[in-house]
Amino acid sequence: MLKVLVASSKGGAGKSTIATNLAANFAVDGKNTVLVDADRQGSSLHWSERRSVHPNAVLGVPGLRRDWAKHVPDDAQRVVIDTAAGITAGEVGEWLEFADVLIVPVLPSAIDLEATMPFLDEVAELPRVKKGKAAVGLVANRLKPWTNASQLAVEEMQSLPFPLVAQLRDTQGYVLANALGKSIFDYHSEQVRSHQDDWAKLLRWLKKNG
Ligand SMILES: Nc1ncnc2c1ncn2[C@@H]1O[C@H](COP(=O)(O)OP(=O)(O)O)[C@@H](O)[C@H]1O
Ligand SMILES: [Mg+2]
């Protein structure tokens, strides 16, 4: 059972967008997939409810209850955990007791990078991370690759203590799909396929490190 934690100290970086699209990717791939939502806002739970009428459903589990793990069925093959903004490195450490890998989304702006750096330094000191038992990957999200700001931010991210495992572009596709309980992996147009390609490196990294 591969368990993926999605967390960042910063709000609005794309945790729920990444958690829901990743969960959908696993489900479309035929895996029994559970999406644990540890954010009071419930974005991931609401999405899994919207998705329940579509093929390749994902089971939503509220993650704020102490006994959340009991609600994950034994036959689950993939578990994605979405968390709330403002999470501390210590709390990430507690969730990492259950997870194999941590994905940290970062937006391409100085404000977001500066806010995330101290969090990443603390994450690097977590015992499971230090011992190499839990891999950490950064995802640059909402990139506009043709802009200087995005290019500079990506360069800066490449010098952070963890590997940059995906560069996801800014597209309304994520917003529209989410509203319907869907993901970019539920569509097959040429344009959507180019956005699916943005995930290839991340999916390979998960296979290697999960
Ligand atoms: N790659 C993207 N392209 C366009 N919009 C995005 C992208 N990623 C996230 N968003 C939008 O940005 C907002 C914040 O994303 P969300 O996933 O809710 O972040 P978080 O869960 O970290 O708070 C949402 O409105 C979401 O639809
Ligand atoms: Mg969220």
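Fair warning: this is a prediction, and the values are worked out from it, not measured in the lab. (Residues numbered from 1 in each chain as written. Chains lettered and ligands numbered in written order. Predicted model: local features only at pLDDT ≥ 70, side-chain atom pairs only at ≥ 80, totals over all residues.)

Peer 1: It is not clear to me how the overall build of the protein should be interpreted in this structure. Could you clarify?
Peer 2: Counting secondary structure elements, the protein contains 9 helices and 7 strands. Rg of the C-alpha trace for the protein: 16 Å, near the compact-globule value of 17 Å for 210 residues, within the 12% margin. Its C-alpha atoms give the protein principal-axis dimensions of about 40 × 40 × 30 Å. When the 210 residues of the protein are sorted by exposure, 41% land in the buried category. For the protein, contacts bridging at least 24 residues in sequence account for 77% of all contacts bridging at least 6. (Helix = DSSP H or I, 4+ residues; strand = E, 2+ residues; numbered from the N terminus. Rg over C-alpha atoms; globule rule 2.2 N^0.38 Å. Buried ≥ 20, exposed ≤ 12 C-beta atoms within 10 Å, placed from the backbone. Contact = placed C-beta atoms within 7 Å.)

Peer 1: How should I be thinking about the environment of leucine 143 in this particular structure?
Peer 2: As for its placement among the helices and strands, leucine 143 is situated in strand β6 (residues 135-143). We classify leucine 143 as buried; it has 21 C-beta atoms within 10 Å. Distance from leucine 143 to arginine 169, taken between C-alpha atoms, is 4.4 Å for residues 26 residues apart in sequence.

Peer 1: Could you clarify how one ought to interpret the site of ligand 1 in this entry?
Peer 2: Neighbouring ligand 1 are 17 residues, the closest being Gly14, Lys15, Ser16, Thr17 and Asp170. Within the residue set of the shell around ligand 1, elements represented by two or more residues are α1 (15-28), β6 and α7 (172-179). (Near = placed C-beta within 6 Å.)

Peer 1: I'm lost on the sheet that holds strand β2 (residues 33-37) in this one. Help?
Peer 2: One key point about sheets: their strands pair by backbone hydrogen bonds, in either a parallel or an antiparallel sense. Spatially, β3-β2-β4-β1-β5-β6-β7 is the arrangement adopted by the 7 strands of the open sheet, whose pairing is parallel. Two strands lie at the open edges of the sheet, namely β3 (59-62) and β7 (164-169), each paired on one side alone. Neighbour to neighbour, the strand axes of the sheet diverge by 20 degrees on average, direction disregarded. Relative to strand β5 (residues 101-106), strand β1 (residues 2-6) runs parallel, the two sharing 3 bridges. Looking across to β5, one finds that leucine 5 is bridged to leucine 102. (Pairing = 2+ DSSP bridges. Axes fitted to C-alpha atoms, helices over the stretch in contact; angles between N-to-C directions.)

Peer 1: I tried to follow the pairing of β7 on my own but got confused; where do I start?
Peer 2: Looking along a regular strand, one sees side chains alternate from face to face of the sheet. Pairing analysis gives 4 bridges linking β6 to β7, with the strands arranged parallel. Within the sheet, the bridge partner assigned to leucine 138 lies in β7 and is leucine 164. Note that the unit made of β6, helix α6 (residues 148-157) and β7 has a crossover that is right-handed. (Right-handed = clockwise from strand over helix to strand, strands pointing away.)

Peer 1: Please clarify how the nonpolar core should be interpreted in this entry.
Peer 2: Within soluble globular proteins, side chains that are nonpolar generally end up buried alongside one another. With 51 residues, the main nonpolar core has Val4, Ile81 and Leu102 as its most contacted residues. The element that contributes the greatest number of residues to this core is α1, accounting for 7 residues. Look past the residues within four positions of valine 4 in its chain and what remains in contact with it is Leu22, Val80, Ile81, Ala99, Val101, Ile103 and Leu206. (Core = buried A, V, L, I, M, F, W, Y, C linked by C-beta atoms within 7 Å.)

Peer 1: What is the right way to read unusual backbone geometry from this model?
Peer 2: Leaving glycine out, the prevailing phi sign among residues is negative, and the prevailing peptide bond configuration is trans. The phi torsion at asparagine 56 lies on the positive side, around 55 degrees, for a residue other than glycine. Relative to the assigned elements, asparagine 56 resides in the loop between α2 (43-51) and β3. Judged by local crowding, asparagine 56 falls into the partly exposed class, with 19 C-beta atoms found within 10 Å. Positive phi outside glycine occurs at arginine 142, with the angle close to 60 degrees. Residue placement: arginine 142 occurs in strand β6. The class for arginine 142 is buried, based on 20 C-beta atoms found within 10 Å.

Peer 1: What is the right way to read the environment of valine 129 from this model?
Peer 2: Within the fold, valine 129 resides in helix α5 (residues 127-130). As a C-alpha pair, valine 129 and proline 73 span 56 residues in sequence and 27 Å in three-dimensional space. Apart from the residues lying within four places of it in its own chain, the contact partners of valine 129 are Val123, Ala124, Ala134 and Val136.

Peer 1: Got a minute to help me understand the pairing of β6 in this structure?
Peer 2: Of all 9 residues in β6, 7 are buried, a share of seventy percent or more. Here 6 bridges tie β5 to β6, and the two strands are oriented parallel to one another. Opposite leucine 102, over in β6, you have valine 136 as the bridge partner.

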